[in-house]
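In case you want the letters, here they are:
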Amino acid sequence: MTVPTSPRAFARLPLAELHVHLEGSIAPSTVVELAGRHGIRITREEAIARYSYSNFAGFIESFKWVTRLIREPEDFALITERLAQDLLRQSVAYAEVTISAGVMLLREQDIGANMAAIAEAGTAFQDRGLKLAWILDVVRQFSGEAAIAVAHAAAGLRSSGVVAFGIGGDELALPLSEFRRAFDIARDAGLHIVAHAGEIGGPDSIREAIEVLGAERIGHGIAAINDLALCDELAARQIPLEVCPTSNLATGALALQRRKPAALLANHPLKELYDRGLRVTLSTDDPAMFHTNLRQEYGVAASLGFSTTELVHLAENGFHAAFLPPEEKLTLIRTFRERAAALRLL
Ligand SMILES: [Zn+2]
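Residues numbered from 1 in each chain as written. Predicted model: local features only at pLDDT ≥ 70, side-chain atom pairs only at ≥ 80, totals over all residues. Heavy atoms only, no water.

Chemist: Where do I start with the overall build of the protein in this structure?
Modeler: Of the regular secondary structure elements, the protein holds 16 helices and eight strands. Radius of gyration (C-alpha) of the protein: 19 Å, near the 20 Å computed for a compact globule of 346 residues. The C-alpha extent of the protein, read off along each of the three principal axes, is 50 × 45 × 40 Å. Each of the 346 residues in the protein was classed as buried or not, and the buried ones make up 57%. Contacts in the protein between residues far apart in sequence, at least 24 positions, make up 75% of those at least 6 positions apart. Carbon and sulfur atoms provide 50% of the accessible area of the protein, an area that totals close to 13,800 Å². With 34 positive and 42 negative side-chain charges, the protein shows a separation of 6 Å between the mean positions of the two kinds. (Helix = DSSP H or I, 4+ residues; strand = E, 2+ residues; numbered from the N terminus. Rg over C-alpha atoms; globule rule 2.2 N^0.38 Å. Buried < 20%, exposed > 50% of the residue type's maximum accessible area, 1.4 Å probe, protein only. Contact = heavy atoms within 4.5 Å. Areas by Shrake-Rupley, 256 points an atom, 1.4 Å probe, with all protein chains shown as cover. Lys, Arg positive; Asp, Glu negative; His and termini not counted. Charge placed at Lys NZ, Arg CZ, Asp CG, Glu CD.)

Chemist: Explain unusual backbone geometry to me, please; I cannot follow it from the model alone.
Modeler: Most of the time, phi is negative for any residue but glycine, and the peptide bond is trans. Backbone geometry at Ser91 places phi at a positive 60°, although glycine is not the residue there. If you trace the backbone, Ser91 turns up in the loop between helix H4 (73-89) and strand E2 (92-99). The phi angle at Glu108 is positive, at roughly 55°, despite the residue not being glycine. Among the structural elements, Glu108 can be located in the loop between helix H5 (101-106) and helix H6 (111-123). Owing to a relative accessible area of 75%, Glu108 belongs among the exposed residues under this scheme.

Chemist: Would you mind showing me how to read the environment of Ala57 here?
Modeler: Here Ala57 is to be found in helix H3 (residues 56-67). Each C-alpha atom, one on Ala57 and one on Thr251, is 8.2 Å from the other, the two residues being 194 residues apart in sequence.

Chemist: Mind showing me how you'd approach the sheet that holds strand E3 (residues 131-139) here?
Modeler: By way of backbone hydrogen bonds, the strands of a sheet pair with one another, either parallel or antiparallel. Strands sit in the order E1-E2-E3-E4-E5-E6-E7-E8 across an open sheet of eight strands; the sheet is parallel. A single partner strand is all that each edge strand has here, and the edge strands are strand E1 (15-21) and strand E8 (280-282). Pairwise comparison of adjacent strand axes, ignoring direction, gives a mean angle of 25° for this sheet. Helix-sheet contacts for helix H8 (residues 180-188) involve E3, strand E4 (162-168) and strand E5 (192-197), and the interaxial angle to E4 is about 170°. In the packing of helix H15 (residues 308-320) onto the sheet, the strands contacted are E1, E2 and E8, and the crossing angle to E8 comes to about 95°. (Pairing = 2+ DSSP bridges. Axes fitted to C-alpha atoms, helices over the stretch in contact; angles between N-to-C directions.)

Chemist: Help me understand the packing of helix H1 (residues 28-37) against H4, please; the structure alone is not making it clear to me.
Modeler: Helices that pack against each other are described as a pair by the angle of their axes relative to one another and the distance between those axes. Put simply, H1 and H4 touch, their axes get as near as 11 Å, and they point 165° apart. Judged by the angle between their axes, H1 and H4 are roughly antiparallel. Our pair here, H1 against H4, has a crossing hand that is right-handed. Contacts from Thr30, Glu33, Leu34 and Arg37 of H1 reach H4 at Glu74, Asp75, Leu78, Ile79 and Arg82. Along the lines of polarity and charge, the residues of the contact of H1 with H4 split into three nonpolar, one polar and five charged. (Parallel < 35°, antiparallel > 145°, perpendicular 65-115°, else oblique. Left-handed = near helix turned anticlockwise from the far one by under 90°. Nonpolar A, V, L, I, M, F, W, Y, C, P; charged D, E, K, R; others polar.)

Chemist: Explain the pattern of salt bridges to me, please; I cannot follow it from the model alone.
Modeler: Side chains that differ in charge, positive against negative, can pair when their charged atoms come close. For the structure on display, the rule yields 16 salt bridges. The salt bridge involving Glu242 is made with Arg217; its shortest N-O contact spans 2.6 Å. With Glu242 in strand E7 (residues 241-243) and Arg217 in strand E6 (residues 217-220), this pair connects stretches of sequence that are 25 residues apart. Judged by relative accessible area, which is 3%, Glu242 ranks as buried. Here Lys271 makes a salt bridge to Asp275, at a shortest N to O gap of 2.9 Å. (Salt bridge = Lys/Arg side-chain N within 4 Å of Asp/Glu carboxyl O.)

Chemist: Would you mind showing me how to read the coordination of the zinc ion here?
Modeler: When a metal holds four donors in a tetrahedron, each ideal angle between them is 109.5 degrees; when it holds six in an octahedron, the ideal angles are 90 or 180 degrees. Coordination of the zinc ion by the protein involves His19 (NE2), His21 (NE2), His196 (NE2) and Asp285 (OD), with metal-donor separations of 2.1 to 2.2 Å. What the four donor atoms of the zinc ion show is an angle range of 83 to 169° at the metal, which sorts the shape as irregular. Coordination of the zinc ion draws on donor residues from a single chain, spaced H-x1-H-x174-H-x88-D in sequence. Separated by 266 residues along the polypeptide, His19 in strand E1 and Asp285 in the loop between E8 and helix H14 (294-303) bring together distant segments of the chain. (Donors = N, O, S within 2.8 Å, 3.2 Å for Na, K, Ca; no water. Tetrahedral: all angles 85-135°; square planar, octahedral: opposite > 155°, others 65-115°.)

Below, the structure written as C-alpha cells:
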C-alpha cells in the first residue's frame, strides 16, 4: 500500500496515542524473541503470515495466538519497552496503553506482578519525554464474573498508573449488561471507563456502552455514521471516539459499516465524523498487527481530506480526551500549541 504522508512540519509535533493495545504492538522480530524465551520455534515469516486476516474473527485468532507467547512479567517488560521506544521515535508525548488483563486472568497469570513489570518499564521513559498510562481491559467473550475479578485487580493498581477500565474483544458476544457490576466496581475505585463499541456492532452498541457502562470514550465508534441522531448526540456531549482507520480496513470493520464488499480507506468515515463536530481522536489499535503506526494514521487522515489545520486540531483532540489530571493535561496542551505555533502550523 502506498502510504500518504502528512505535512513535513506536522511530523515534528508531539502526539497523544489513546488507543493502542500492548499485545497488538509486538513486531514479528519480537514475536520470534518471545517464542525463543519459551523454547518455541517461530520464524519471522510465520509471525508475518499470522498478521494477515480476512475478517474480524481471524484477527481475534491471531491476537490470541500472540498472547500465548507473553507468559512472564519479563515478557511484559520487554514488549512495553519496545512499544515505548517506537512511540518515542514518533514523538508521542503521551500514550494510554490498553492491556488485556482479562487474558492474563484466563492464563492464570499474576496481574499485579505483570503490571509492576509494565509500570517499571514504562516509567523509565518519562525522563525521555514520554508519559505512559494504562487501561486494563476485559474480554467480551468471557463472563461478567471474570470481568469482576479484573475490576477488583484494576482498582488496586491505580498507583501503578492504571487510569481506566475497558472492554474489548468480540463486540457481538455477550450484552454489556453482563458487565455492569464490573464497571461499577472500577468506577467506584476512581477509574475512567472506556469501551470498544460501534466497531463491528451497530450504533446501538455505542448507546449501550454509554448508557449501561458509562463509557467516557468510545473505542472506534465508526458505526455512528449510520445513525445521524447518534452523531448529533456524541457531538453535543463531546464524547471522544478513538478512531483507527487502518485497523478498520484490516479487520473488515470498515466494509461491514459501509456495507461495501471491497472497502477502501477512501470510504472511511473519519472525516465525516469530524466534520459533524464529533470529538474524533486518531489511533492505531494494534500497530504491529495492522502494519501501521501513529504517524502513518495521520498520513491516512491527510489522504481523507484533512487540511493541515484540521490535522493539528485532530492531534490536539488526543490531549483533550486524555485521562490526565487537569493540570498535567493543560501543560501538555500548552506545549503542543507552542510547538505548533513555532512550526507555523497554527
Ligand atoms: Zn482496540
